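Fold and contact review
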Amino acid sequence: MTSATSQPHSTELFSRAQQVIPSGVNSPVRAFGSVGGTPPFVTDAKGALLHDADGTEYVDLVGSWGPMILGHANDAVVEAVREAAGRGLSFGAPQPGEVGLAEEVVRRIRPVEQLRLVNSGTEATMSALRVARAATGRDVVVKFAGCYHGHVDALLAEAGSGVATFAMPGSAGVTAATARDTVVLPYGDRAAVTALFAERGAEIAAIITEAAPANMGVVPPLEEDGIGFNRFLSETAHAAGALLISDEVLTGFRASREGHYGIDGADGSWAPDLMTFGKVIGGGLPVGAFGGRKDLMGLLAPAGPVYQAGTLSGNPLATAAGLATFAGLDEAAYETLGSASRTLQQLVADALTTAGVPHVIQTAGTLFSVFFRDETVRSYEEAKAQDTAAFTRFFHAMLEGGVYLPPSAFEAWFVSTAHTPEILDRIAAVLPGAARAAARD
Ligand SMILES: *Cc1c(COP(=O)(O)O)cnc(C)c1O
């Protein structure tokens, strides 16, 4: 399919981009560096479909890495943004949409009594960390290998997402002092957590974890003796006077209506002290949020001593998009999402099994990812042991067949409520060939 327009094609755009933008992209994974080739430059998208500058149509399984949970250019969301734009783009003053969006989150997520809106997930985790350090008067933060919390200096060590995709140990440009205050442990390793707290518990401000890691592929928290890993972390942290920050930037309002907390915290047996959100909360516009207990959030300026601010925070277009997205996320939407997710998982499993490709599919609620290895993945070490070359062959065959997957073996696949049975049929038609390509060494 080629269009008759004379707009520049992806290859021309990519070479121009590389002149003026580092590696031609504004976020590393977009450069296709680990899979090779030229990234399609997207010109427009509707529902589950993307169109690029070459006139090619793709079924999208990236969904802007999570936000487009109702599909692209959802009519109600676009109309809400259009209407908000007509009333002004930014006021730098309180506006009604902020209140509505905060109330929606507080209604859905029980541990969140108050929250602040920011402009990205990175800002959310950075700010939550600052609050945790202020509340405890301690410096050390504990994170897990393979978890990604945005590009916050203190949280880049052994991070997931692009850091995992490009096999980087962390990031240059982080000071030794910052690195010293971050302890990285293997995900799910309770003995390592217990040992660290026995030795340094009094120095630890907080543990930060993805509620269900999904930036090294999906690695759900496991139960031991009936106690989930997140609950274990909250109990261990609290026993030492430290806090638990649960990062739901990716899982929030996607894993379930109440995020991943709705899955492993619904019984009220534990609660994080602070939580972070992003992606779905802005429906495609730049929004993040951090929230939690009122006494902790009360430490923020102007009432408290912790400074945090933002010229565009609580932007009226962004809150309109977020509110319209939430309005579309009723029980029926999560059923549609869950059903699309399960159907796609089955189609992928069937195709890879038929072609004899080792794989394991892991889930956290409606979220899932495919590892190209035949054993369960419980940690970053195990995620890295997959056959990324097989993924690369699979990825390019899917792309060739018109299905746009995340260009990395370490990312979740994102469906939306616009992934109808007809759309899934189009993916089903491409999967067997791509699975055979993956099998071909
Ligand atoms: C995407 C992500 C972030 C960072 O959010 P940005 O909006 O990209 O800054 C933080 N934490 C998790 C778990 C994420 O998936």
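Residues numbered from 1 in each chain as written. Predicted model: local features only at pLDDT ≥ 70, side-chain atom pairs only at ≥ 80, totals over all residues. Heavy atoms only, no water.

Turning our attention to the site of the ligand. Around the ligand, the surrounding shell consists of Ser120, Gly121, Thr122, Tyr148, His149, Gly150, Glu210, Asn215, Asp247, Val249, Leu250 and Lys279. Within the side chain of Asn215, an N or O atom sits 3.0 Å from an oxygen atom of the ligand. Bound to the protein, the ligand loses 83% of the 380 Å² it would expose on its own. Here the residues of the shell around the ligand sort into three nonpolar, six polar and three charged. (Near = heavy atom within 4 Å. Polar contact = N/O pair within 3.5 Å; in protein donor to acceptor, adjacent residues only side chain to side chain. Areas by Shrake-Rupley, 256 points an atom, 1.4 Å probe, with all protein chains shown as cover. Nonpolar A, V, L, I, M, F, W, Y, C, P; charged D, E, K, R; others polar.)

Residue Pro302 is bonded to the preceding Ala301 through a cis peptide linkage, with omega at 10 degrees. Relative to the elements of secondary structure, Pro302 occurs in the loop between helix 10 (294–297) and helix 11 (316–328). Non-glycine residue Glu158 carries a positive phi angle of around 45 degrees. Along the chain, the position of Glu158 falls in the loop between strand 5 (140–144) and helix 5 (162–165). The phi angle at Phe253 is positive, at roughly 65 degrees, despite the residue not being glycine. Inspection of the secondary structure puts Phe253 in the loop between strand 10 (243–247) and helix 9 (261–264). Judged by relative accessible area, Phe253 falls into the buried class, the value being 0%. (Helix = DSSP H or I, 4+ residues; strand = E, 2+ residues; numbered from the N terminus. Buried < 20%, exposed > 50% of the residue type's maximum accessible area, 1.4 Å probe, protein only.)

Attention shifts here to the packing of helix 2 (residues 75–86) against helix 11. At a minimum axis distance of 8 Å, the contact between helix 2 and helix 11 shows a crossing angle of 155 degrees. The pairing of helix 2 with helix 11 is recorded here as roughly antiparallel in orientation. In this structure, helix 2 meets helix 11 at a crossing whose hand is right-handed. Contact residues: Ala76, Val77, Ala80, Val81, Ala84 and Ala85 in helix 2; Pro316, Leu317, Ala320, Ala321, Ala324 and Thr325 in helix 11. In terms of residue class, the contact of helix 2 with helix 11 is built from eleven nonpolar, one polar and no charged. (Axes fitted to C-alpha atoms, helices over the stretch in contact; angles between N-to-C directions. Parallel < 35°, antiparallel > 145°, perpendicular 65-115°, else oblique. Left-handed = near helix turned anticlockwise from the far one by under 90°. Contact = heavy atoms within 4.5 Å.)

Moving on to the layout of surface pockets. Approximately 660 Å³ is the volume attributed to the second largest pocket. Surrounding the second largest pocket, 32 residues form its lining, Glu98, Leu115, Arg116, Leu117 and Ser313 being those nearest its centre. Mapped by element, the contributors of at least two residues to the lining of the second largest pocket are helix 3 (96–108) and strand 4 (114–118). Broken down by element, the lining of the second largest pocket gets its largest block of residues, five residues, from helix 3. For the lining of the second largest pocket, the class distribution of residues is 17 nonpolar, eleven polar and four charged. (1 Å grid on protein atoms, 1.4 Å probe; cavity = no way out; pocket = protein on both sides within 12 Å on 5 of 7 lines; lining within 4 Å. Points joined across faces, edges and corners; volume = space filled by probe spheres on them.)

Right, let's talk about the domain arrangement of the protein chain for a bit. When its domains are assigned, the protein chain resolves into domain 1 (16–73 + 330–406 + 422–439) and domain 2 (75–328). One C-alpha centre belongs to domain 1, the other to domain 2, and the line joining them spans 25 Å. Taken together, the contact between domain 1 and domain 2 spans 31 residues of the former and 39 residues of the latter. Together, the buried faces of domain 1 and domain 2 total about 2,700 Å²; carbon and sulfur atoms form 66% of this surface. Summed over the three residues of domain 1 that lose the most area to domain 2, namely Tyr334, Leu367 and Tyr380, the buried surface amounts to 25% of that side. (Domains from an automatic or database assignment. Buried area = accessible area lost by both parts, 1.4 Å probe.)

Our focus in this paragraph is the sheet that holds strand 10. Taken in spatial order, the seven strands line up as 4-12-11-10-7-5-6 in an open sheet, and their pairing is mixed. Of all the strands in the sheet, just strand 4 and strand 6 (182–185) have a single pairing partner and so form its edges. Strand-to-strand twist in this sheet, taken as the mean axis angle between neighbours without regard to direction, amounts to 20 degrees. Running at roughly 125 degrees to strand 4, helix 3 makes contact with strand 4 and strand 11 (274–277) of the sheet. The strands touched by helix 4 (residues 121–136) are strand 4, strand 5, strand 7 (204–210), strand 10, strand 11 and strand 12 (288–292); relative to strand 11, the strand with the most contacts, the crossing angle is about 170 degrees. (Pairing = 2+ DSSP bridges.)

The next subject is the pairing of strand 11. Every second residue of strand 11 is oriented toward a common face, with Leu274 and Thr276 on one face and Met275 and Phe277 on the other, all of them buried. As judged from the three bridges shared by strand 10 and strand 11, these two strands associate in the parallel manner. By the bridge assignment, Asp247 is partnered in strand 11 with Thr276. Relative to strand 12, strand 11 runs antiparallel, the two sharing four bridges. Considered in strand 12, the bridge of Met275 is made with Gly291.

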